[in-house]
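Here is what each chain is made of, one letter per residue.
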2 protein chains.
Amino acid sequence: MKTRDKIVQASLELFNKHGERNISTNHISAHLNMSPGNLYYHFRNKEDIIRSIFTLYESDIIKDFKPYLTQEVNSELLLNYFDTLFNILWNYRFLYNNLADILSRDEVLKVRYRQTQEQVLSRSNYIIAQLKDDGVLIIDESEIAPLADTLKLMTSFWVSYKLTQSKSPIGSISKASLYEGVLRVLLILKTYAAPNSITTFDKLKEHYQEQVTSSIQPEDEIKE
Amino acid sequence: MKTRDKIVQASLELFNKHGERNISTNHISAHLNMSPGNLYYHFRNKEDIIRSIFTLYESDIIKDFKPYLTQEVNSELLLNYFDTLFNILWNYRFLYNNLADILSRDEVLKVRYRQTQEQVLSRSNYIIAQLKDDGVLIIDESEIAPLADTLKLMTSFWVSYKLTQSKSPIGSISKASLYEGVLRVLLILKTYAAPNSITTFDKLKEHYQEQVTSSIQPEDEIKE
DNA sequence: GTCTATAATAAGATAGAC
DNA sequence: GTCTATCTTATTATAGAC
């Protein structure tokens, strides 16, 4: 692995664990047993590192969050979809965990962020419209955009929301919490489900409820 | 106004405007034409100021977010309810704007925050149960808790969400955006509306849609 | 490419005079 | 209660040797 990539990976890891504002460039280089000078040989500054991480996030989102192209919309398809999305948000949780602050310090990143989000939103709209056309959902045309936006908000901030409520001082949550988020999205979507797609939603719900149960981590059981 | 209160008010104002991490104690005292020493005479440290602001937020929330006690659940009642809640969140937006970071630096505050949120959640649950009992909503018992939690997430992060999407570099949003948030909450609640309460929801929707239209600020029209 | 040493800045916080 | 002056510390970042 190239030094540059090592720095990006270590930064991502530390940012997620402790929060971006609590990790200095010195922390990063120390974590890698590397001199600060070396870090600054590879990156102009901390902002530059964050932007590099954002590039990874961007490409993950754009690569995996695509309108479905197969004909059949079954539960497997939707399942895979949500799974992927929530996992990406988990992998880059430091970002949403501190979004306003990070964007307030970097105008360029703010513009990039907004552009990515517009793409995500437009794809979400398209997907919901597809689900409507395919008879999976019954929804008024005028409600598609608000629904897409609501689901985006929920998905984006789910991890942050759970983290602020977790009792563990480390500030980590378990996979179970991620799956709870998926269940929450399903609950909203289901209120728009067409009669003959209810079973699809029920199957999905069942699947994720199993995941929640089976992936509960010890840290969830910590009592004060 | 006492100096202590002046400091709290100025801090809240500056935190909301620029973000808590971008405002130092020196900024606050300079804004008040006051010496840093004087500020530190009234507060032990910055953490102490933030805790004082949190106390105000806490009391606003606890005071205004109460299960309704009148018999009649009409649109005026619900309207007042949401209005109040969204306005509180607007007044203390710096908090949710940077929640994870702020809580990560103050274990005591994190505990207080969690306790407040548990109260809010338990009250939300109670209110939804009341609405069910009064025949306003039709909802399965098992879905009350997830619904309450979902609405809480949406309400809490709505302002932050809109701020990250706004184009204005100042990072401010208009009242119109707040009312949009209320509309979004209504849209979710409406999917559970009992047939004879649909008109209530429609009236509410109409009211807030008017608010959105009439309160659009010039800054919303800024083009790049 | 990588290291050591160090400069520059800014934030948080205190001492002591008035 | 309030001010001025100042200290400490952490963070970002650079210079110059290897």
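Remember, predicted model here, so these are calculated numbers, not experimental data.

Observations regarding the packing of aromatic side chains
Here's step 1: Here the structure, examined in full by the defined rule, presents 25 aromatic pairs over all chains.
Here's step 2: With centroids separated by 6.2 Å and ring planes inclined at 85°, the aromatic side chains of Tyr-161 of chain A and Phe-157 of chain B adopt a geometry described as edge-to-face. Of the two residues, Tyr-161 of chain A is situated in helix H9 (residues 141-165) and Phe-157 of chain B in helix H9 (residues 141-165); the pairing between them involves two chains.
Here's step 3: On the basis of relative accessible area, Phe-157 of chain B is assigned to the buried category, the value being 3%.
Here's step 4: Both rings, one in Phe-54 of chain B and one in Tyr-113 of chain B, keep their centres 6.4 Å apart while their planes meet at 55°; by these two values the pair is tilted. Note that Phe-54 of chain B is positioned in helix H4 (residues 46-64) and Tyr-113 of chain B in helix H8 (residues 107-133), a separation of 59 residues in sequence.
Here's step 5: A cation over an aromatic ring shows up here: Arg-93 of chain A above the ring of Trp-90 of chain A, its NZ or CZ 3.7 Å from the ring centre.

A closer look at the interface of chain A and chain B
Here's step 1: Between chain A and chain B, the contact holds 37 residues from the first and 37 residues from the second.
Here's step 2: Across the chain A/chain B interface, buried area totals approximately 3600 Å², and carbon plus sulfur atoms make up 55% of it.
Here's step 3: Counting across the interface, chain A meets chain B through 2 salt bridges.
Here's step 4: Between Asp-149 of chain B and Arg-184 of chain A there is a salt bridge, and its shortest N-O distance comes to 2.9 Å.
Here's step 5: For the pair chain A and chain B, the number of links is 14 residue pairs in polar contact (both at pLDDT 80 or more).
Here's step 6: Listing elements by their share of the side of chain A that touches chain B, those giving two or more residues are helix H7 (99-104), helix H8 (107-133), H9 and helix H10 (175-190) of chain A.

Notes on the protein's contact with DNA strand C
Here's step 1: Close contacts around DNA strand C come from 16 residues, with Thr-3 and Ser-35 of chain A together with Ser-24, Thr-25 and Asn-45 of chain B the closest.
Here's step 2: Sugar plus phosphate: this is where 72% of the atoms of DNA strand C within 4 Å of the protein reside.
Here's step 3: In the model, a phosphate oxygen of DNA strand C is placed 2.9 Å from a nitrogen or oxygen of the Ser-35 of chain A main chain.
Here's step 4: Contacts to DNA strand C include Lys-46 of chain B, whose backbone N or O atom sits 3.3 Å from a phosphate oxygen.
Here's step 5: Of the residues forming the surface near DNA strand C, the biggest block, 4 residues, is contributed by helix H3 (residues 36-42) of chain A.
Here's step 6: In terms of residue class, the surface near DNA strand C is made up of 3 nonpolar, 11 polar and 2 charged.

Description of a negative patch on the surface
Here's step 1: Together, Asp-133, Asp-134, Asp-140 and Glu-141 of chain A make up a negatively charged patch on the protein surface.
Here's step 2: As for its placement among the helices and strands, Glu-141 of chain A is situated in helix H9.

Remarks on the protein's contact with DNA strand D
Here's step 1: Residues in close proximity to DNA strand D total 16 residues, the closest being Ser-24, Thr-25 and Asn-45 of chain A together with Thr-3 and Ser-35 of chain B.
Here's step 2: In the model, a phosphate oxygen of DNA strand D is placed 2.8 Å from a nitrogen or oxygen of the Thr-3 of chain B side chain.
Here's step 3: Here a phosphate oxygen of DNA strand D sits 3.0 Å away from a polar atom, N or O, in the side chain of His-42 of chain B.
Here's step 4: For the surface near DNA strand D, the elements supplying multiple residues, two or more each, are helix H2 (25-31) and H3 of chain A together with helix H3 (36-42) of chain B.
Here's step 5: At 4 residues, H3 of chain B tops the list of elements feeding residues into the surface near DNA strand D.
Here's step 6: Considered class by class, the residues forming the surface near DNA strand D number 3 nonpolar, 12 polar and 1 charged.

Cut-off values and rules
Residues numbered from 1 in each chain as written. Chains lettered and ligands numbered in written order. Predicted model: local features only at pLDDT ≥ 70, side-chain atom pairs only at ≥ 80, totals over all residues. Heavy atoms only, no water. Phe/Tyr/Trp six-rings, centres within 6.5 Å; stacked < 30°, edge-to-face > 60°. Helix = DSSP H or I, 4+ residues; strand = E, 2+ residues; numbered from the N terminus. Buried < 20%, exposed > 50% of the residue type's maximum accessible area, 1.4 Å probe, protein only. Lys NZ or Arg CZ within 6 Å of the ring centre and 35° of its normal. Contact = heavy atoms within 4.5 Å. Buried area = accessible area lost by both parts, 1.4 Å probe. Salt bridge = Lys/Arg side-chain N within 4 Å of Asp/Glu carboxyl O. Polar contact = N/O pair within 3.5 Å; in protein donor to acceptor, adjacent residues only side chain to side chain. Near = heavy atom within 4 Å. Nonpolar A, V, L, I, M, F, W, Y, C, P; charged D, E, K, R; others polar. Patch = residues over 30% accessible without salt bridge, like charges linked within 9 Å, V, L, I, M, F, W, Y side chains within 5 Å. Areas by Shrake-Rupley, 256 points an atom, 1.4 Å probe, with all protein chains shown as cover. Lys, Arg positive; Asp, Glu negative; His and termini not counted. Charge placed at Lys NZ, Arg CZ, Asp CG, Glu CD.

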